[in-house]
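These are the residues of each chain, in order.
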Amino acid sequence: MQSNGKIRIAIQKSGRLSEESISLLGQMGLRFETYQDRLFAPCRNMPIDVLFLRDDDIPEYVRDGVADLGIVGSNVLDERMVRVERLLPLDFGFCSLCLAVPERGGYESLGDLDGKRIATSYPETLRRFLLERRVDSEIVVLGGCVEIAPALKIADAICDLVSTGSALRTHGLTILETVARCQAVLFGRQDPPEESRRLIQRLLLRAQAVQEARKYRYVMFNAPADAVDSMKNLLPGCKSPTIVPLADPGFIAVHAMVIEETFWEVVEKLRDCGASDILVAPVEKFMR
Ligand code: PRT
Ligand code: ZN
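Residues numbered from 1 in each chain as written. Chains lettered and ligands numbered in written order. Predicted model: local features only at pLDDT ≥ 70, side-chain atom pairs only at ≥ 80, totals over all residues. Heavy atoms only, no water.

**With respect to the pattern of salt bridges**
Part 1 of the reasoning: Summed over all chains, the structure comprises 16 salt bridges.
Part 2 of the reasoning: Across the pair Asp-37 and Lys-13 runs a salt bridge, and its minimum N-O distance is 4.0 Å. One end of the pair, Asp-37, is in the loop between α1 (18–27) and β2 (40–42); the other, Lys-13, is in the loop between β1 (7–12) and α1, with 24 residues separating them in the sequence.
Part 3 of the reasoning: Take Asp-37: its relative accessible area is 66%, and that puts it in the exposed class. (Salt bridge = Lys/Arg side-chain N within 4 Å of Asp/Glu carboxyl O. Helix = DSSP H or I, 4+ residues; strand = E, 2+ residues; numbered from the N terminus. Buried < 20%, exposed > 50% of the residue type's maximum accessible area, 1.4 Å probe, protein only.)

Following this line, the structure appears as structure tokens:
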């Protein structure tokens with residue numbers, strides 16, 4: 001157990017979430033080495049150790065106080081149901097836990113799985129879902145390679161993670177129903193020791209600032225001064241755009257935050273209003 005004010009963050013050692021977890025910690029200002037086969041890395045600039053573990057072990061380590069914070073897919077937390085505090089969805093590692101059936105198997109709705117066998121590595125999540133929907137299926141628990149189960153006649157359907165869907169297509173399977181939408185989550189232990197709380201809170205604020213920044217682009221452009229009013233309505237990202245007069249009278253420079261999702265539409269409309277010399281920069285951190 002950690003109790004000297006130093007904290008430990010557990011992330012996946014090698015897998016789909018490793019790279020983005022390391023990158024997030026870097027953007028949060030943690031400086032540490034990431035050698036191959038490392039299990040543990042002390043930060044050079046903060047009283048923090050990073051643990052590199054299998055994702056399956058991370059929820060229990062955090063619950064038991066071996067680590068104070070962890071990053072895993074929400075699917076892992078849903079399945080384990082361990083008592084931990086979910087702190088922040090991280091906007092990476094997106095996938096869905098889906099029920100899938102053989103393409104020409106004649107399955108049309110969830111009710112068709114009544115009395116059938118479903119193979120999965122997520123038995124608890126599936127059991128809760130089926131109970132809620134009043135479907136009575138037999139759950140076949142497999143550690144991996146779930147997609148092959150129908151072809152091997154071990155099961156009639158599967159319940160597994162899907163991102164692009166290409167693994168399902170390769171095995172002649174198609175999605176019948178989505179059980180859960182998943183993404184990586186930052187979570188912590190429920191009652192961290194008093195002396196660690198301030199550092200955990202600081203890290204959470206930093207993670208939120210990185211998250212928030214990803215939603216925006218910083219846009220700078222020149223425009224005729226009389227176009228300000230029509231442009232202002234297009235720039236609701238922040239309180240108000242910054243407007244600076246240019247040496248050339250009648251012209252202004254505008255600096256504003258633009259929401260990434262609507263970025264292209266906004267820039268096109270700004271051009272229609274007379275914007276020119278448009279410069280776009282990513283936002284690294286953003287604190288309101
Ligand atoms: O070794 P360790 O136990 O740490 O890793 P792991 O093998 O258990 O996990 P890993 O690295 O495969 O996945 C870690 C997390 O990434 C998962 O818990 C999910 O939260 C998330 N994630 C995102 C995925 C996928 N996308 C995904 N596509 N996890 C697994 N898959 C599987 C999918 O089930 C299929 O078999 O990848 C295969 C390809 O998927 P398609 O749909 O792109 O074809
Ligand atoms: Zn795993």
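**Observations concerning the packing of aromatic side chains**
Part 1 of the reasoning: Per the stated rule, a full pass over the model turns up three aromatic pairs.
Part 2 of the reasoning: Relative to Phe-286, the ring of Tyr-216 has its centre 5.2 Å away and its plane inclined at 80°; by these criteria the two rings are edge-to-face. With a gap of 70 residues between them, Tyr-216 in strand β12 (residues 216–224) and Phe-286 in the segment after β15 (276–282) connect regions that are remote in the sequence.
Part 3 of the reasoning: According to the relative accessible area criterion, Tyr-216 is buried, its value standing at 6%. (Phe/Tyr/Trp six-rings, centres within 6.5 Å; stacked < 30°, edge-to-face > 60°.)

**Regarding the layout of surface pockets**
Part 1 of the reasoning: There is about 950 Å³ of room inside the largest pocket.
Part 2 of the reasoning: Lining the largest pocket are 34 residues, and of these Arg-16, Asp-55, Asn-75, Tyr-122 and Leu-161 sit closest to its centre.
Part 3 of the reasoning: Every element with two or more residues in the lining of the largest pocket is listed here: α3 (74–80), β9 (157–162) and α5 (166–170).
Part 4 of the reasoning: Among the residues forming the lining of the largest pocket, the class breakdown is 13 nonpolar, twelve polar and nine charged.
Part 5 of the reasoning: Of the domains in this structure, domain 1 (7–92 + 183–213) and domain 2 (95–182) are the two that each give at least three residues to the lining of the largest pocket.
Part 6 of the reasoning: Considered as a void within the structure, the second largest pocket measures approximately 150 Å³ in volume.
Part 7 of the reasoning: Forming the boundary of the second largest pocket are Asp-68, Leu-69, Glu-85, Leu-87, Gly-188, Arg-189, Gln-190, Pro-192, Arg-197, Ile-200, Gln-201 and Leu-204.
Part 8 of the reasoning: No other element matches the four residues that helix α6 (residues 194–214) contributes to the lining of the second largest pocket. (1 Å grid on protein atoms, 1.4 Å probe; cavity = no way out; pocket = protein on both sides within 12 Å on 5 of 7 lines; lining within 4 Å. Points joined across faces, edges and corners; volume = space filled by probe spheres on them. Nonpolar A, V, L, I, M, F, W, Y, C, P; charged D, E, K, R; others polar. Domains from an automatic or database assignment.)

**Here we look at the sheet that holds strand β14 (residues 251–259)**
Part 1 of the reasoning: Reading across the sheet, the four strands line up as β13-β14-β12-β15 and stay open at both edges, with antiparallel pairing between neighbours. Single-partner strands in this sheet number two, and they are β13 (242–245) and β15. Direction aside, the axes of adjacent strands within the sheet are offset by 20° on average. (Pairing = 2+ DSSP bridges. Axes fitted to C-alpha atoms, helices over the stretch in contact; angles between N-to-C directions.)

**Re the domain arrangement of the chain**
Part 1 of the reasoning: In terms of domains, the chain is made up of domain 1 (7–92 + 183–213), domain 2 (95–182) and domain 3 (216–282).
Part 2 of the reasoning: Relative to domain 3, the C-alpha centre of domain 1 lies at a distance of 38 Å.

**Notes on unusual backbone geometry**
Part 1 of the reasoning: Positive phi, close to 65°, is recorded for Asp-37, a residue that is not glycine.
Part 2 of the reasoning: Here Cys-145, not a glycine, exhibits a phi torsion of approximately 50°, which is positive.
Part 3 of the reasoning: With respect to the secondary-structure elements, Cys-145 resides in the loop between β8 (138–141) and β9.

**Here's the deal with the pairing of strand β6 (residues 95–102)**
Part 1 of the reasoning: Across the eight residues that make up β6, a large majority, seven, are buried.
Part 2 of the reasoning: In the sheet, β6 pairs with β9 via five bridges, with the strands oriented antiparallel. The partner of Ala-100 across the bridge, within β9, is Ile-158.

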